[in-house]
Amino acid sequence: MKILHGSWIPDAHANFVQTGAFYLWVETAQHSPDAPANKETSRSASNKKGFRAPHYLAKADLAAFLTEELGFQGASSKKDVGADIGVRFFELPTAQQQPLPSLELARYLETDLPEAFEWRRWPIDCYRIHRFNSQAKANGTGAGVSAFVAQLKELHFIAQYQLAEVQLGADLLFWHHYAQAFKQVILKDHYIPSLRYRKVKKTFETYPHWEIISEAYEDLIGRYTEYMPLVCTAGFAQQADAAVLAKGKSSKGRPQKEACLHEKESLLRHCSECLLHDVVTGTPLPQSFYKQIEGSLIYSCLKSTHWTTSTELSLYKQWRPWRDRIARTQSAVPFYLCFQLHSPADPDEDWEIIFKVAPKQHPSLRISLADYWQLKPHQQMALKLQLGESFEQDLLLALGDAARIYPPMWAGLETDEPASIFLDVDAAFDFLNEAAWILEDSGCKVIVPGWWTPQGRRRAKLKLKASSRSGDREDASDRSKGEPSKSYFSFETLVDYQYELSIGGEPVSEQEWQQLVEAQTPLVQFRGQWMELDQAKMQEMMDFWRQHRQDNPEVSLLDFMQMTAQQGDDVEVDFSRDRTLLTMMDRLTDTSALVPVQNPKKFEGQLRDYQKRGVSWLSYLEGLGLNGCLADDMGLGKTVQVIARLLQEEELQAEDLKKKEIPEEERMTALPPTLLIAPTSVVGNWHRELQKFAPHLKATVHHGSDRIKDKKAFKALCKRNDLLITSFSLARRDADLIDSIFWHRIVLDEAQNIKNPKAAQTKAILKLSARHRLALTGTPIENRLLDLWSIFNFLNPGYLGKESQFRKNFELPIQRNNDRQQSVVLKKLVEPFILRRVKTDESIIKDLPSKVEQKLYCNLTKEQASLYEATVRDVEKQLATADGIQRKGLILATLMKLKQICNHPAQFLQDGSDFTTERSHKLSRLSDMVSEAIADGDSLLVFTQFKEIGDSLEKYLHQTFHYNTYYLHGGTSRKKRDQMMAEFQDPETDPSIFILSLKAGGVGITLTKANHVFHFDRWWNPAVEDQATDRAFRIGQKKNVFVHKFVSVGTLEERIDQMIEDKKKLAGAIVGADESWLTELDNDAFKRLIALNKSAIMD
Amino acid sequence: MSNFTRTWWGETFLATIEQFTDKGRLSRGRSYANGRKVESFEVEGDRVTAHIKGSVNPYYGVYTEPLYVTTLEFEPISQAKWAAVIALMASKVSILSKLLVGEIPDNIEESFETLGLRLLPEKGDFTGHCTCPDWSNPCKHIAGVYYLLAAEIDRDPLKLFELRGLAQEDLLAGLSDTPLGIAFSKELTAEAAPPEPVESLHTRPEFVSVARSVSLNDFWQGEKRLPSTIETPQPTNVPAILIKKQGDYPPFWQRNNSFIEVMEDFYTRVRTKNGNILD
């Protein structure tokens, strides 16, 4: 992992013209083998007790890293990145003669940082970002320093989509944010040619310059100085600055108590001005343009090969008042100037812009000037209390300013009491389209007629009228019940559609349309109301309509949905003719319109309201022959919704057959089986949940070395079962076998597992055939576009186009260029197919208890199973001979060992072997769920009773995923504990994981920022677990808390869990506070307790 | 087209003399105005006085380089009539607003006409005099002075009022009882701000001492978290709004082409030709 840092560093000298450049440096944990000097320091650092010192990539490594990993090219010659690498100096927190690592790196290294530190300036090899710009060079100005804007955008992209093993430091992220926001100055033309006046001894010089004049820019500077980390100000071009030296405080390499840094605001302004200057003077301009400005100030501002100095003050004197008047803002006067456009009732009459003023304190109190001039002097005086004493002077000046921006205004100023102007229809159109914006931008308020506002606007559109072909419309009453039945769209539903010309939603005849196209003005009164016309567009629409009116096309429902989502603004889709289609599209786009299903009769439990709506959505979608993705937040119960859907489907099927009066014995009630593919670590959980909620459903797990491999036997197996559960890896390995069945439905749990379209696993799954497909995921897939595509490629192949098309049409425009239009189109496309409820939804919160508890059943891996079995065998032998205290000790030790095995083989073996997910499904499941929670911005707690597991978990979560972790165990000092708690709870801290030992974390701690609590291993007393859980579930907790308890299937964990549940049922009988009550069990009972159920092993 | 004027009133002013002066004298006059022959040029009230170096011309008996005195005198409008004009101007926001940024409203003569007057002089509204031997009036020297005067008026239209007999103090005094007149006087008499000397072209990055007590978090992460989304500013629909407020041909723009048009073109190019940075 490499942490990228960077900063704007001003040039060393403090000459009159002082520029700077953006420098990039890379911090890493690894020491380069061929850097002997650093080896030295690293040894000394690691020998000392304390933090691990960072390493900074030196020139050769930096050049190699930038070119090879990040694809940098040299600015002047393609290959030579090294030419732009040189030493810069950074004032960094320092301790023990070593710079401290950045927080990003410290987190990664898991190193504790000392509380006391001093400051020292460290030399670091930096890459100067610039670009060779012939234009700028010809102008003798900027050195292409603005190149960093684009470069940072690229780096951000690389880091965000993990295209390289890099992370952006907060400093680099800051500069990226700022540079993007700063673009507004250039995009809004908020800068002017300018002169700077410099005193030189007794005389003076003037320098051409570009000056930023913008209230928005001042606001930007204000906001970003607050965001700016101090490290952004710590870069220097030299070891010690003249200013510091002058004060006699040489910091030459010696540690200082105080840091000498750049002041934030001035540094930000310096960077901004250099950036603007570079962009403006680097703009390619043709010779013809230079001819237009020859000899002028603009020319000097753009093209001075050297900064021209002038001994003549006249130019400055001419320029200065002009600049001052531009800089003088509207904010100085206490009122707004308002312009209200009135459209005439009779189209032959003129339009009017009425002049009004409104006090800034009461902007809604608009006074028309016509009224004002009529007032008696004492009434005017009263108003001036709000409008300002010199109101009339200010007003008239402001009107003059407005007229200069919008010249037709002059006509209204041929009087000393201006009140309004009149416009013809073309001028009114220009006003609406252009002048209104300019006036608003320069601080006036513009009030436009209601029909022009986005809400009130009528548009000429093509209406796409659609209706379903197959739905027999007579029995519409049947459909209104909201129950899926066959009278709905069938699988092969076709949609008819035709185009119609319409305005403001009303149909328009071809003749009327033609008249509008031929209208002489862009604003017309049509059927008594004003509207805007875009004749060129309307002509196009008419041509399109003429081409298509003859055909009477039909498409499949899916194609129809694709077509409507991709229609531009010119086409309005209308289903109003067809109630079936209308209700259908309504329900697809507004899931709150779904009628919750009844709790299925055979469902052993109670669905929550939103879960009933979820089941209803699933059945509705499947009824239409569409395939969706259930993407509810983790903890909201995707599993039970799927199980309920299976039951509900069965019920409907039975009812259907009953209606048809088929004798019971002849009914083929059983539907073909559903195939469920899940990660190995959750297969066991599915099986257990099915047993719990739908015990009568026949489900089998396809796994293990003794699984059926013969096709015939496999078919028979499938016939016997309602559901077959398998893992992703077996779906690939047994692809042939699985593909031999036409499935009723394929459910993909954790569907992001097929995100790589090239993986054999993905390809195998895509080949399978099924009537319905369903994807489940808890990660917000709409933000990871390629994952989204992959899932849709499984659900509705072709709907989002081929991968390359998708990349071109959506991924690149949206992720790289923030293309809003395409992102709206994509949203429209996928929305009907994704049901995502988040736990912060108002309706979900209402529906959920404040604490939601669930068990997570995990299987043992083969390795765990063999360790477990060996231990059990060993104990059984010893148990025969053990007695008294010895027997007690043996039982307790066994329980301990078995629990360790259930956690992870490495914990049991204590051989320092790899702590990997392959060896424990429990760990694998935990890390999946943790990443899901973190991606959602949630913080979480993980409890364990074992210190070894706590250590390993922290290390694992931290080093593998670089999550922000905290770890509290028995050995943590009180001070450290309080500090960690405060940091964890701080809203400014990133979502974090707090690992706690069950005992140390049990009392006196409030960690309400967490809303997920994991119990990695089980304690035999639920009261202890509950008390731990309450760290998060406390006063101050505003979110629902999800409690996840791991249970290893087929092991003592599961049996003890069962016992606890049974005891709970038995009037909450109290089990002992620790495990000693288990020693009271007789030998046989104990053997039964710890015996391993072999069917619960998963590879 | 001449190079001396770029405004409608400058053009009109020149057109007057061009109507009754022969082409040769006009063109010689232009070169006088352009060249280094004008020793002095002074406008005082309604009278212009210039000293112009003549050329040696044995045909006219001129053997040493002469220095001619050329004067132009304009017909003043009477004080009483000016009072009426000022009252009329004060009643129109448009007129004073434009004068304020150095423009003469293009319909100003309509206002003058209602009083039977005109602002821009015509043939008869001025007399020229020159000490040169040319018998023709206007001679090339008078023409030259006229060109210089046109250029002057082009830049500072209030000079025109002075030429027609209205001193600036009288103008301001006459305007002092209307709100706009007051604003106008204020702007005109505002003292030009003294030049503001700066120590550096760009804002100078300053240094600060940061105490040791600063936390590692402040140093590496900043006191406030960055927003989760990156701002994406959109380009303006209409170019050069900022500079349009001050009208075309600002005082420092000596060229004859439109400043606003140039700046519109310029801003648009900067916005559209820097795709690598601005996209």
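Residues numbered from 1 in each chain as written. Chains lettered and ligands numbered in written order. Predicted model: local features only at pLDDT ≥ 70, side-chain atom pairs only at ≥ 80, totals over all residues.

1. Considering the overall build of chain B
For chain B, the helix and strand inventory stands at 13 helices and 5 strands. A buried classification covers 36% of the 279 residues belonging to chain B. Expressed as a percentage of contacts within chain B between residues at least 6 apart in sequence, the contacts between residues at least 24 apart total 63%. (Helix = DSSP H or I, 4+ residues; strand = E, 2+ residues; numbered from the N terminus. Buried ≥ 20, exposed ≤ 12 C-beta atoms within 10 Å, placed from the backbone. Contact = placed C-beta atoms within 7 Å.)

2. Some points on the sheet that holds strand β30 (residues 834-835) of chain A
Within a beta sheet, neighbouring strands are joined by backbone hydrogen bonds and run either parallel or antiparallel to one another. Strand order in the open sheet formed by 7 strands is β26-β27-β25-β28-β29-β24-β30 (chain A), and the pairing between neighbours is parallel. A strand with exactly one partner marks an edge of an open sheet, and here the two such strands are β26 (699-701) and β30 of chain A. (Pairing = 2+ DSSP bridges.)

3. Describing the interface of chain A and chain B
On the side of chain B, 81 residues touch chain A, which itself brings 103 residues to the contact. In terms of residue count, the dominant contributor to the side of chain A that touches chain B is helix α12 (residues 314-327) of chain A (11 residues). Of the residues that constitute the side of chain A that touches chain B, the class distribution is 55 nonpolar, 22 polar and 26 charged. Pairing of strand β11 (residues 259-262) of chain A with strand β5 (residues 207-210) of chain B involves 4 bridges; the strand directions are antiparallel. Considered in β5 of chain B, the bridge of H262 of chain A is made with F207 of chain B. (Nonpolar A, V, L, I, M, F, W, Y, C, P; charged D, E, K, R; others polar.)

4. Quick notes on the packing of helix α6 (residues 170-187) of chain A against helix α9 (residues 264-281) of chain A
All names here are of chain A. At a minimum axis separation of 11 Å, α6 and α9 run at an interaxial angle of 50°. Comparing the axis directions of α6 and α9 gives the class oblique. Once α6 is placed against α9, the crossing between them reads as right-handed. Residue-level inspection shows F182, V185 and I186 of α6 in contact with α9, the latter providing S272, L275, L276 and V279. (Axes fitted to C-alpha atoms, helices over the stretch in contact; angles between N-to-C directions. Parallel < 35°, antiparallel > 145°, perpendicular 65-115°, else oblique. Left-handed = near helix turned anticlockwise from the far one by under 90°.)

5. A short note on the packing of α6 of chain A against helix α7 (residues 215-227) of chain A
Residues and elements named next belong to chain A. Direction vectors running N to C along α6 and α7 enclose 175°, while the axes themselves pass 10 Å from each other. One finds that α6 runs roughly antiparallel with respect to α7. On α7, the residues touching F174, Y178, A181, F182, Q184 and V185 of α6 are A216, Y217, L220, Y224 and Y227. Of the residues that constitute the contact of α6 with α7, the class distribution is 10 nonpolar, 1 polar and no charged.

6. Let's talk about the sheet that holds strand β1 (residues 38-44) of chain B
All names here are of chain B. Here we have 4 strands laid out as an open sheet, ordered β1-β2-β3-β4, and antiparallel in their pairing. Strand pairing shows two members of the sheet lacking a second neighbour, β1 and β4 (126-130), which therefore form its edges. Taken over all neighbouring pairs, the strand axes of this sheet differ in orientation by 10° on average, direction set aside. Lying on the sheet, helix α6 (residues 140-155) is in contact with β1, β2 (47-53), β3 (67-74) and β4; it crosses β3 at an angle near 55°.

7. Quick word on the environment of A345 of chain A
Residue and element names in this part refer to chain A. Topologically, A345 is positioned in the loop between β12 (335-342) and β13 (351-359). On the basis of neighbour count, A345 is assigned to the exposed category, with 9 C-beta atoms found within 10 Å. Counting along the chain gives 185 residues from A345 to W530, while the straight-line C-alpha distance between them is 8.9 Å.

8. Looking at helix α21 (residues 579-589) of chain A
Residue and element names in this part refer to chain A. When α21 is considered as a whole, its buried residues turn out to be T580, L581, M584, R587 and L588. The arc that holds every buried residue of α21, seen down its axis, measures 135°, which confines them to one face. Opposite the buried face of α21, by more than 90 degrees, sit the exposed residues D586 and T589. (Arc of directions from axis to C-beta.)

9. Some remarks on the nonpolar core
Residues and elements named next belong to chain A. In terms of nonpolar packing, the biggest core is built from 340 residues, with L941 and F994 touching the most fellow members. The dominant element in this core, judged by the number of residues it contributes, is α6, at 10 residues. Apart from the residues within four sequence positions on either side, L941 is in contact with F994, L996, L1007, A1010, V1013, F1014, R1031 and A1032. (Core = buried A, V, L, I, M, F, W, Y, C linked by C-beta atoms within 7 Å.)

10. Examining the pairing of strand β6 (residues 118-129) of chain A
Both strand β2 (residues 20-28) of chain A and β6 of chain A contribute to a ladder of 3 bridges, which runs antiparallel. Each residue of the ladder has a partner; that of F22 of chain A, found in β6 of chain A, is I129 of chain A.

11. Notes on the pairing of strand β1 (residues 2-10) of chain A
Residues and elements named next belong to chain A. The buried count for β1 comes to 9 of 9 residues, which makes it a mostly enclosed element. On β1, burial covers both faces: K2, L4, G6, W8 and P10 on one face and I3, H5, S7 and I9 on the other are all buried. Bridge count between β1 and strand β7 (residues 166-168): 3 bridges; the pairing is parallel. The residue of β7 that forms the bridge with K2 is V166.

12. Considerations on unusual backbone geometry
In this model, N137 of chain B is joined to P138 of chain B through a cis peptide bond whose omega is 5°. Residue placement: P138 of chain B occurs in the loop between β4 and α6. Phi at E750 of chain A takes a positive value of approximately 50°, unusual for a residue other than glycine. Of note, E750 of chain A is situated in the loop between β28 (743-748) and α28 (760-767). Residue E750 of chain A is classed as buried on the basis of its C-beta count, with 21 C-beta atoms lying within 10 Å. With a phi angle near 50°, Y249 of chain B is a residue other than glycine that sits in the positive phi range. On the neighbour-count criterion, Y249 of chain B (21 C-beta atoms within 10 Å) is buried.

13. Digging into the environment of G54 of chain B
Residues and elements named next belong to chain B. Mapping G54 onto the fold places it in the loop between β2 and β3. Along the sequence, G54 and L67 sit 13 residues apart, while their C-alpha atoms lie 5.8 Å from each other. If near-sequence neighbours (up to four positions away) are discounted, G54 is found in contact with V62, E65, P66, Y68 and C132.

14. A look at the confidence of the model for chain B
Residue and element names in this part refer to chain B. In this model, chain B carries a mean pLDDT of 85, and residues with pLDDT of at least 70 account for 99%. When mean pLDDT is compared element by element in chain B, helix α12 (residues 259-272) scores highest at 94, while helix α9 (residues 179-189) scores lowest at 78. Per the prediction output, this complex has pTM 0.68; the corresponding ipTM is 0.82. (pLDDT = per-residue confidence, 0-100.)

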